[in-house]
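For reference, the chains in residue letters:
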Amino acid sequence: MNCLSKLNTKTFVAASLLASGTLNAHDITILSPALLLMASQIQYMGRLLGVADVPKKYWPLLMLNSILMASIGMLIMRFIV
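Throughout what follows, the structure given in this document is the object of discussion.

## Considering the overall build of the protein chain
- Within the protein chain one finds five helices and zero strands.
- Each helix and strand of the protein chain, ordered N terminal to C terminal, gives the series α-α-α-α-α.
- For the protein chain, the residues scored as buried account for 19% of the 81 residues in total.
- Counting only contacts in the protein chain whose residues sit at least 6 apart along the sequence, the fraction spanning at least 24 positions is 57%.
- For the protein chain, the exposed surface amounts to about 6100 Å²; the carbon and sulfur share of it is 71%.

## Comments concerning the packing of helix H3 (residues 25-37) against helix H5 (residues 59-80)
- Packing of H3 against H5 leaves a shortest axis separation of 8 Å and a crossing angle of 155 degrees. Here H3 lies roughly antiparallel to H5, going by the angle between them. Considering the relative orientation of H3 and H5, their crossing is right-handed. Facing H3, whose interface residues are Thr29, Ile30, Leu31, Ser32, Pro33, Ala34 and Leu37, H5 presents Met69, Ala70, Gly73, Met74, Met77 and Arg78.
- Grouping the amino acids of the contact of H3 with H5 by side-chain chemistry returns nine nonpolar, three polar and one charged.

## Quick word on a nonpolar patch on the surface
- Judged by side-chain polarity, Leu37, Leu68, Met69, Ile72, Ile76, Ile80 and Val81 come together as a nonpolar surface patch covering roughly 630 Å² of accessible area.
- Ranked by residues supplied to the nonpolar patch, first place goes to H5 with five residues.
- Here leucine 68 is to be found in helix H5.
- Taking the relative accessible area as the measure of exposure, leucine 68 reaches 46% and is therefore partly exposed.

## Comments concerning H5
- End to end, H5 covers 32 Å across 22 residues, agreeing with the expected 32 Å (1.5 Å per residue, within 8%).
- Three or more residues of H5 are buried, namely Trp59, Met63, Ser66, Ala70, Gly73 and Met77. Taken end-on, H5 shows its buried residues confined to a sector of 75 degrees, consistent with a single buried face. Turned more than 90 degrees from where H5 packs its buried face, Pro60, Leu61, Leu64, Arg78 and Phe79 sit exposed.

## Digging into the environment of valine 81
- By the element assignment, valine 81 lies in the segment after H5.
- Of the residues examined, valine 81 reaches a relative accessible area of 46% and is grouped as partly exposed.

## Focus: the packing of aromatic side chains
- Applying the stated criterion to the full structure yields zero aromatic pairs.
- Against the face of tryptophan 59 rests lysine 56, its NZ or CZ located 5.3 Å from the ring centre.

Conventions used here
- Residues numbered from 1 in each chain as written.
- Predicted model: local features only at pLDDT ≥ 70, side-chain atom pairs only at ≥ 80, totals over all residues.
- Heavy atoms only, no water.
- Helix = DSSP H or I, 4+ residues; strand = E, 2+ residues; numbered from the N terminus.
- Buried < 20%, exposed > 50% of the residue type's maximum accessible area, 1.4 Å probe, protein only.
- Contact = heavy atoms within 4.5 Å.
- Areas by Shrake-Rupley, 256 points an atom, 1.4 Å probe, with all protein chains shown as cover.
- Axes fitted to C-alpha atoms, helices over the stretch in contact; angles between N-to-C directions.
- Parallel < 35°, antiparallel > 145°, perpendicular 65-115°, else oblique.
- Left-handed = near helix turned anticlockwise from the far one by under 90°.
- Nonpolar A, V, L, I, M, F, W, Y, C, P; charged D, E, K, R; others polar.
- Patch = residues over 30% accessible without salt bridge, like charges linked within 9 Å, V, L, I, M, F, W, Y side chains within 5 Å.
- Salt bridge = Lys/Arg side-chain N within 4 Å of Asp/Glu carboxyl O.
- Expected span 1.5 Å × (residues − 1).
- Arc of directions from axis to C-beta.
- Phe/Tyr/Trp six-rings, centres within 6.5 Å; stacked < 30°, edge-to-face > 60°.
- Lys NZ or Arg CZ within 6 Å of the ring centre and 35° of its normal.

This is the structure:
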């Protein structure tokens, strides 16, 4: 397995948007916490929640929590940069 397949595809999307000039370095810096926090939500659902027998009625709430944390991370990063 090559090293590129191990990297997050969202990072490649951000890098291609940066290369095309759609986003600048400041925008990518603000987006980086959200990319890290939201990187593997599907794996999280399948591997952790399924194995731990978390009732499926709580899964949307847990996913919403991740979206909320990513939004807060971007807001904080906006003030730091």
